[in-house]
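# Residue-level structure breakdown
Here is how the chains run, residue by residue.
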Amino acid sequence: VERTAPTEAELAAIHEEAAERWHDQLTLLGYPRSYENLFDRLLADGALNSLRDGGRVLDFGVGTGAFSLALAGKVAAPLRIEGVELSPSMLLRASLNLDRAGVEARLHLRDAKDLPFEDNTFDAVIGAHVLEHLDDPFVGLSEMVRVLKPGGPLVVVATRRGVLEALLRPKWRQEHIARDRLMFGMEGAGLIGVRVYPLLAGGPLPRRTSVAFVGFKEGGWQWLDT
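Here we summarise the structure given alongside this text. Everything quoted here is computed from the prediction, not taken from an experiment. (Residues numbered from 1 in each chain as written. Predicted model: local features only at pLDDT ≥ 70, side-chain atom pairs only at ≥ 80, totals over all residues. Heavy atoms only, no water.)

Turning to the sheet that holds strand β6 (residues 191-198), a few remarks are in order. One open sheet accounts for seven strands, arranged β3-β2-β1-β4-β5-β7-β6; its pairing is mixed. Strands with a single pairing partner mark the edges of an open sheet, and in this sheet they are β3 (104-109) and β6. For this sheet, the mean inter-axis angle between neighbouring strands, taken without regard to orientation, is 20°. Relative to strand β7 (residues 210-217), strand β5 (residues 153-159) runs antiparallel, the two being bridged by seven bridges. Within β7, the position partnered with V155 by the bridge is V214. Sheet strands touched by helix α5 (residues 137-146): β1 (55-60), β4 (124-128), β5, β6 and β7. Its angle to β5, the strand with the most contacts, is close to 155°. (Pairing = 2+ DSSP bridges. Helix = DSSP H or I, 4+ residues; strand = E, 2+ residues; numbered from the N terminus. Axes fitted to C-alpha atoms, helices over the stretch in contact; angles between N-to-C directions. Contact = heavy atoms within 4.5 Å.)

Structure representation (structure tokens):
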């Protein structure tokens, strides 16, 4: 059965409906802990060196701020988070959550396919479970890379195919992006050193439903062979 991607308005409505309970559900299911563990491993691997002195980070599809909170809690220097999201209610909750944690943030109600930023703006770009919801995920990916500074990391978490993903698909209407296809798309968008990171903490649901991809924009730091 061919997937019919939701329109922008439909996607916003889906997230509006879920916004009130979204952050609590993510926490209950273990996603914040899985994100924190992911950033611990990326720090250990040197993948977040561009943020050693802090910096400006774009959270693409910020939701209620869970991915940004996990990153900000692991990086020693202060970060300035810019978040884009289609749902006003999600943005409100992200603003409250980030402010409560003392994280400087500026949030935008915006279509992810047309980001309101200049090229080469951000020291890092992150996004969890957003590309698979777009009608063309690779247009969104290209926008993420466009606003990333050369050498900066792009970190995305995407949905893994499986029984749990199939059960969620009727409501969320996401597209599963095969691992090789997403890696190829990241490289085609101008990223180098693309690697895959399974989610290893937080409980069985994050491990079974999600996987992270990390790459670097050409023109700066890249993975060192050890």
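Glancing now at the packing of aromatic side chains. Counted by the stated rule, this structure contains four aromatic pairs. Ring geometry for F39 and F67: centres 5.0 Å apart, planes at 40°, overall tilted. You can see F39 sitting in helix α2 (residues 31-44) and its partner F67 sitting in helix α3 (residues 66-72), a full 28 residues away along the chain. By relative accessible area, which is 3% here, F67 ends up buried. Taken together through their ring pairs, the aromatic side chains of Y31, Y35, F39 and F67 make up a single cluster. (Phe/Tyr/Trp six-rings, centres within 6.5 Å; stacked < 30°, edge-to-face > 60°. Buried < 20%, exposed > 50% of the residue type's maximum accessible area, 1.4 Å probe, protein only.)

Of all hydrophobic cores here, the largest spans 30 residues; its most connected members are L38, L42, F67 and L71. Mapped by element, the contributors of at least two residues to this core are α2, α3, β2 (79-85), β4, β5, β6 and β7. If one sorts the elements of this core by residue count, α2 sits on top with five residues. Other than its neighbours up to four places away in sequence, L38 contacts F67, V155, V157, Y197, L199 and A212. With 28 residues, the next largest nonpolar core counts V125, L141, L154 and A158 among its residues. (Core = buried A, V, L, I, M, F, W, Y, C linked by side-chain atoms within 4.5 Å.)

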